[in-house]
Amino acid sequence: MTHSPPQPLDELPFTHPLRVADLAGRKPTRFNVTAEGETLAAIATWADITAVEGLQLKGTLTPQGRNDWLLEARLTAKVVQPCVVTLAPVVTDISEDLRRHYVANMEEPTGEEVEMPEDTDSEPLPDRIDLGAVALEALELALPLYPHAEGAEGTEMQAAPPGAAPIRDEDTRPFANLRALMGGKSDENTPE
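Everything in this summary refers to the structure shown in the same document. All values derive from a computational prediction rather than experimental measurement.

### Concerning the overall build of the chain
- When helices and strands are tallied, the chain shows three helices and seven strands.
- Scanning the chain from its N terminus toward the C terminus, one meets helices and strands in the order β-β-α-β-β-β-β-β-α-α.
- Among the 192 residues that make up the chain, the fraction classed as buried is 30%.
- Relative to all contacts within the chain whose residues are 6 or more apart in sequence, the contacts with residues 24 or more apart total 62%.
- About 13,300 Å² of surface is accessible on the chain, with carbon and sulfur atoms providing 48% of the total.

So this is what it looks like as structure tokens:
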């Protein structure tokens with residue numbers, strides 16, 4: 001997974017920056033950040049969803065060696081999105097474990113073609129680790145792409161120009177025409 005470039009702090013609806021220089025260098029720093037009230041509404045607008053009813057990021061920042069840091073946390077959130085079929089509200093509970101390894105002297109890839117590193121949890125160590133930005137990125141990645149209201153899964157949609165017969169799902173199968181040529185016979189050996 002690649003991480004998106006950090007947005008300026010004043011553009012994010014939820015920020016909680018921690019200065020790396022202020023963190024205890026020998027023991028884990030525990031954190032528990034939550035969004036409330038108007039911040040939840042701003043996050044919903046930012047994420048282009050109906051509502052965010054709760055958001056919490058809880059975990060630790062642990063020093064690794066002399067200059068690196070390991071973030072391990074759990075994001076929990078409750079979001080409301082419109083069903084892609086009926087537009088009815090769909091409530092989703094999100095629970096995601098996060099792991100980020102902040103490396104002090106990480107070399108940035110250069111050139112036009114860049115090989116994906118094996119360690120996709122690592123990123124360069126900033127002077128501030130913004131827990132709000134981490135939570136927002138994780139929330140955005142965890143949102144269901146096509147939320148469905150209960151009972152909407154079996155809904156079949158059709159569209160066709162006036163006077164034309166709608167195309168059915170069965171018509172789009174690779175061997176649909178072969179079955180029609182065979183007179184609609186069903187053969188166990190005929191692939192679907």
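Structure shown, so let's carry the discussion forward.
### Overview of the environment of proline 126
- Residue placement: proline 126 occurs in the loop between β6 (122–124) and β7 (128–130).
- For proline 126, a relative accessible area of 29% corresponds to the partly exposed category.
- Placed 24 residues apart in sequence, proline 126 and tyrosine 102 show a C-alpha to C-alpha distance of 7.8 Å.
- With near-sequence residues (within four places) excluded, proline 126 lies in contact with Val20 and Tyr102.

### Description of the nonpolar core
- Within the largest apolar cluster, 34 residues are counted, with the highest numbers of intra-cluster contacts made by Leu55, Leu57, Leu61, Leu71, Leu75 and Leu139.
- Going through the elements one at a time, β2 (29–35), α1 (38–47), β3 (51–64), β4 (68–82), β5 (89–103) and α2 (131–142) are the ones with two or more residues in this core.
- Filtering out sequence-adjacent residues up to four positions away, leucine 139 remains in contact with Ile43, Leu55, Leu75, Ala77, Val79 and Ile94.

### A closer look at a nonpolar patch on the surface
- The grouping of Val84, Leu145 and Tyr146 at the surface amounts to a nonpolar patch, some 380 Å² of accessible area in total.
- Locating leucine 145 in the fold gives a position in the loop between α2 and α3 (176–181).

About the thresholds
Residues numbered from 1 in each chain as written. Predicted model: local features only at pLDDT ≥ 70, side-chain atom pairs only at ≥ 80, totals over all residues. Heavy atoms only, no water. Helix = DSSP H or I, 4+ residues; strand = E, 2+ residues; numbered from the N terminus. Buried < 20%, exposed > 50% of the residue type's maximum accessible area, 1.4 Å probe, protein only. Contact = heavy atoms within 4.5 Å. Areas by Shrake-Rupley, 256 points an atom, 1.4 Å probe, with all protein chains shown as cover. Core = buried A, V, L, I, M, F, W, Y, C linked by side-chain atoms within 4.5 Å. Patch = residues over 30% accessible without salt bridge, like charges linked within 9 Å, V, L, I, M, F, W, Y side chains within 5 Å. Salt bridge = Lys/Arg side-chain N within 4 Å of Asp/Glu carboxyl O.

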